[in-house]
Amino acid sequence: MKKFNVGIIGATGMVGQRFATLLENHPWFNVVCLAASPRSAGKTYEEAVGSRWAMANPMPEALKNMIMLDATADISKVAEKVDFVFCAVDMKKDEIKALEEAYAKAEIPVVSNNSAHRFTDDVPMVVPEINPEHIEVIKSQRARLGTKRGFVAVKSNCSIQSYVPALHPLMKYGVSKVLACTYQAISGAGKTFETWPEMVDNLIPFIGGEEEKSEKEPLKVWGKVEGDVIVNASKPEITTQCLRVPVSDGHTAAVFVSFDQKPSKEEILKAWKEFAGVPQELELPSAPKQFLNYFEEDNRPQAKLDRNLEGGMAVSIGRLREDTQYDYKFVCLSHNTLRGAAGGAVLLAELLAAKGYFD
Ligand code: NAP
């Protein structure tokens, strides 16, 4: 695989920092450009991040002295340097939409963590193990934008990345109804316990917009490319409650599920164990070898013990048992800033690279 030159838009933020560390020794991607708001532009990456560095690993040496660009004003400068960009910025939705389309129209593919384009019907929203075929819609998006190379591809919200993977191999049994309660880490809000001390010994029963995303996004992921757009699935019915909990990293979901044809417990465990997707078949660099991991112990998965499984890219599941209201219930966990954000986007970029979309 040829090496691609990459930019990180929103490099100073929590997700941007994850990109910086994940890409440090990446076999295919080489970070050559960093951009963020006008506040950061002109500073070195080290100066711009200042005391906000929140990763366990130190800032990559090669990036410390890189001069930050302005994500909006310097699009043509970024475009001269890179083959594609990752984007994770905290801006208004319509500003993000415009920014991402401006990069695409400058013939720079955008792999985005932002929610702005998740429901643009010719923008694929991809969990690479689940709906890799949705990237075919990029052809129609390029026609709409009038571009040869440029396009926007997005990953889904971090909250759905624990329970949608666990439900996916069970879709053959006709998943009809899902109730999911999520227990979400503070890094999902771009925070640490230092920057959000109010979260120590606390729980907040509301995360703005999260329940709507958690109920709607799976239906796009399970949708189909029809003509020039992705048409959402109509089933299953999904209801959610999303809570912020005092955990640094790792979103847990307690899931209840009913089926048209109820499988046995053994069939569910077998479906999880045997499930592998295109990233595993293609052996993409960031793909976990075993995507879905079932723990027999009653007290697993635990955020602190299990979130980093396979570099934070695997999903952990436990406590599968029959329920009195639904057919089954279980608990699952994924790392929200790795699989759920930057890691998921890097895996999506690897899929796009392997399929020739950055050529
Ligand atoms: P964050 O830590 O608050 O970082 C925000 C980033 O946006 C910073 O790099 C900031 O640059 C930049 N920014 C702000 N205003 C800008 C502007 N006008 N022009 C250009 N850049 C600007 O946020 P985050 O947690 O990394 O989240 C970033 C995005 O990823 C959000 O859309 C979020 O919803 C999404 N996301 C986050 C997670 C997660 O787990 N944290 C998961 C999935 C998706 P300055 O430093 O220059 O201000």
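Residues numbered from 1 in each chain as written. Predicted model: local features only at pLDDT ≥ 70, side-chain atom pairs only at ≥ 80, totals over all residues. Heavy atoms only, no water.

Caption draft 1: Main features of the sheet that holds strand 4 (residues 84–87). One open sheet accounts for six strands, arranged 3-2-1-4-5-6; its pairing is parallel. Taken across any chain shown, the strands that pair with only one partner, and hence form the sheet edges, are strand 3 (69–70) and strand 6 (152–154). Packing of helix 5 (residues 93–105) onto the sheet brings it into contact with strand 1 (4–9), strand 4, strand 5 (110–112) and strand 6, and relative to strand 5 it is tilted by some 155 degrees. (Pairing = 2+ DSSP bridges. Helix = DSSP H or I, 4+ residues; strand = E, 2+ residues; numbered from the N terminus. Contact = heavy atoms within 4.5 Å. Axes fitted to C-alpha atoms, helices over the stretch in contact; angles between N-to-C directions.)

Caption draft 2: Seen up close, the site of the ligand. Taken together, the neighbourhood of the ligand is formed by 26 residues, with Thr12, Val15, Ser37, Arg39 and Ser40 sitting nearest. When the ligand is considered free in solution it has 910 Å² of accessible area, and contact with the protein chains removes 83% of it. Per-class residue counts for the shell around the ligand are ten nonpolar, 13 polar and three charged. (Near = heavy atom within 4 Å. Areas by Shrake-Rupley, 256 points an atom, 1.4 Å probe, with all protein chains shown as cover. Nonpolar A, V, L, I, M, F, W, Y, C, P; charged D, E, K, R; others polar.)

Caption draft 3: Geometry of the pairing of strand 11 (residues 251–259). Burial within strand 11 is extensive, with eight of its nine residues counted as buried. Pairing of strand 7 (residues 175–184) with strand 11 involves eight bridges; the strand directions are antiparallel. The residue bridging lysine 177 from the neighbouring strand is serine 258, located in strand 11. In this structure, strand 11 lies alongside strand 14 (residues 328–334), joined through seven bridges in antiparallel fashion. Considered in strand 14, the bridge of valine 255 is made with phenylalanine 330. (Buried < 20%, exposed > 50% of the residue type's maximum accessible area, 1.4 Å probe, protein only.)

Caption draft 4: Up close: unusual backbone geometry. Note the cis peptide between lysine 235 and proline 236, where omega equals 0 degrees. Inspection of the secondary structure assignment puts proline 236 in the loop between strand 9 (229–231) and strand 10 (237–244). In this structure, aspartate 201 takes a positive phi of about 60 degrees despite not being glycine. The class of aspartate 201 is exposed, set by a relative accessible area of 76%.

Caption draft 5: Fine view of the layout of surface pockets. As a volume, the second largest pocket reaches approximately 240 Å³. By residue number, the principal contributor to the lining of the second largest pocket is helix 1 (residues 14–22), which donates four residues. Of the residues in the lining of the second largest pocket, the class split is six nonpolar, five polar and three charged. (1 Å grid on protein atoms, 1.4 Å probe; cavity = no way out; pocket = protein on both sides within 12 Å on 5 of 7 lines; lining within 4 Å. Points joined across faces, edges and corners; volume = space filled by probe spheres on them.)

Caption draft 6: How the structure looks around the side chain of serine 156. Within the fold, serine 156 resides in the loop between strand 6 and helix 7 (163–167). A polar atom in the side chain of serine 156 sits 2.8 Å from the side chain of glutamine 161. Those residues in contact with serine 156 that sit more than four places away from it in its chain are Arg118, Met125, Val126, Val127, Gln161, Glu217, Val221 and Gly340. (Polar contact = N/O pair within 3.5 Å; in protein donor to acceptor, adjacent residues only side chain to side chain.)

Caption draft 7: Representation of the packing of aromatic side chains. One pass over the full model with this rule turns up 17 aromatic pairs. Aromatic side chains phenylalanine 29 and phenylalanine 84 sit 5.1 Å apart centroid to centroid with 75 degrees between the ring planes, which places their arrangement in the edge-to-face category. In this pair, phenylalanine 29 sits in strand 2 (residues 29–36) while phenylalanine 84 sits in strand 4, placing the two residues 55 residues apart along the sequence. On the accessibility criterion, phenylalanine 29 (1% relative accessible area) is buried. By relative accessible area, which is 0% here, phenylalanine 84 ends up buried. An aromatic cluster is defined as three or more aromatic residues linked by ring pairs; in this entry it consists of Phe4, Phe19, Trp28, Phe29, Phe84, Phe86, Phe151, Tyr357 and Phe358. Above the face of the phenylalanine 119 ring, lysine 220 is positioned so that its terminal group lies 6.0 Å from the ring centre. (Phe/Tyr/Trp six-rings, centres within 6.5 Å; stacked < 30°, edge-to-face > 60°. Lys NZ or Arg CZ within 6 Å of the ring centre and 35° of its normal.)

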